[in-house]
Amino acid sequence: DVWFMPVVQKVGPDGCLYVLDWYDRYHCYQDASADPEGVDRGHGRLYRVVHEATGRPDAVRQHTASPKELVAQLDHDNVHVRETAGRLLAEQACAGVVAELEQLVLSTETPKRHRLHALWALIGGQVVSTEFANQLLSDSDASIRAWGVRAIGNLHADQPELAKRCAELATDDAPDVQLQVAIAAGKFQHGDPLPIWLDVLTHCRDDPLIPHIVWQNLHPHLPKRSAELLNLVEAIDLEQAPGLAAMLPKVAEKLQD
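An account of the accompanying structure is given in this report. A quick note: this is a predicted structure, and the numbers were derived from the prediction, not measured. (Residues numbered from 1 in each chain as written. Predicted model: local features only at pLDDT ≥ 70, side-chain atom pairs only at ≥ 80, totals over all residues. Heavy atoms only, no water.)

1. With respect to the packing of aromatic side chains
Following the criterion strictly, the structure yields three aromatic pairs and no others. Look at Trp-120 and Trp-147: their rings are 5.7 Å apart centre to centre, the planes differ by 65°, and that puts the pair in the edge-to-face class. Taken together, the positions of Trp-120 in helix 5 (residues 112–124) and Trp-147 in helix 7 (residues 142–155) put the pair 27 residues apart, joining distant regions of the chain. A residue is classified by how much of its surface remains accessible, and Trp-120, at 34% relative accessible area, is partly exposed. Here Trp-147 falls in the partly exposed class, since its relative accessible area comes to 25%. The aromatic ring of Tyr-23 is capped on one face by Arg-45, whose charged end is 3.7 Å from the ring centroid. (Phe/Tyr/Trp six-rings, centres within 6.5 Å; stacked < 30°, edge-to-face > 60°. Helix = DSSP H or I, 4+ residues; strand = E, 2+ residues; numbered from the N terminus. Buried < 20%, exposed > 50% of the residue type's maximum accessible area, 1.4 Å probe, protein only. Lys NZ or Arg CZ within 6 Å of the ring centre and 35° of its normal.)

2. Focus: the sheet that holds strand 3 (residues 45–49)
Across the sheet, three strands lie side by side as 1-2-3; this open sheet has antiparallel pairing. Across the chains shown, the open sheet's two edge strands, defined by having one partner strand only, are strand 1 (6–11) and strand 3. Looking at each pair of strands side by side, their axes are set apart by 20° on average, direction ignored. Here five bridges tie strand 1 to strand 2 (residues 17–21), and the two strands are oriented antiparallel to one another. Considered in strand 2, the bridge of Gln-9 is made with Val-19. (Pairing = 2+ DSSP bridges. Axes fitted to C-alpha atoms, helices over the stretch in contact; angles between N-to-C directions.)

3. Thoughts on the pattern of salt bridges
Tallied over the full model, the rule gives 12 salt bridges. The partner of Asp-139 in a salt bridge is Arg-115, and the shortest N-O contact between them spans 2.5 Å. Remark: Arg-115 occurs in helix 5 and Asp-139 occurs in the loop between helix 6 (130–136) and helix 7; sequence separation between them is 24 residues. Between Arg-145 and Asp-172 there is a salt bridge whose closest N-O contact spans 3.0 Å. Linking Arg-145 in helix 7 with Asp-172 in the loop between helix 8 (160–168) and helix 9 (175–185), this pair joins segments that are 27 residues apart in sequence. Accessibility classification places Arg-145 together with Asp-172 in one group, the buried group. Through salt bridges with shared partners, one network takes in Asp-75, Asp-77 and Arg-113. (Salt bridge = Lys/Arg side-chain N within 4 Å of Asp/Glu carboxyl O.)

In structure tokens, the structure reads:
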């Protein structure tokens, strides 16, 4: 078909290929300008290319779904359905299903993907209680702990006990958790972030990202707190703390400015 003009091709959330066909007799603007009345404006086409093993997906009702139905959709095979369900729950502040979502998150029998979507709905709806946040920090899954730290930094930065618990995770074995601790430390309204940042740097080993994140949070405090920083660094074996050692040249450069 000489009118076929595939201007956009994208993979949809169902894994199928979608092709947007402009479908016009004129393939360039010069021809269209020469004959504006001949431009076809009523026959654009959209193709959905499906693997024979995929078939047509079942229709999913979300705009009128109840909160409980949306919770069930958090485990849907289609990521678009899962993310939309989580967004709708967050917009509704997870009304009536907070306890159910908390149970899903804290259950180690729940698949990880389902746990995370349930947790994101709670965080998005800003309905993470201090008790629940405290439980997240003790989870065996590093991703849950990391999101717990992030939620506390954003929603409970004024809680000293939670801030203390997060600071203890500066030595966590998971870089994802340490990264969130480094980010949250500057948000806590109680306690000193400086020792937390140094603790993260001391235990982050050769992580390529964490020293950069710590530096972005730390350098506004220099040079006013340079003496405190250097006193703390003197007590650390830099050979065992490559992350901290990698950042110190930036500290020296900043202090010379």
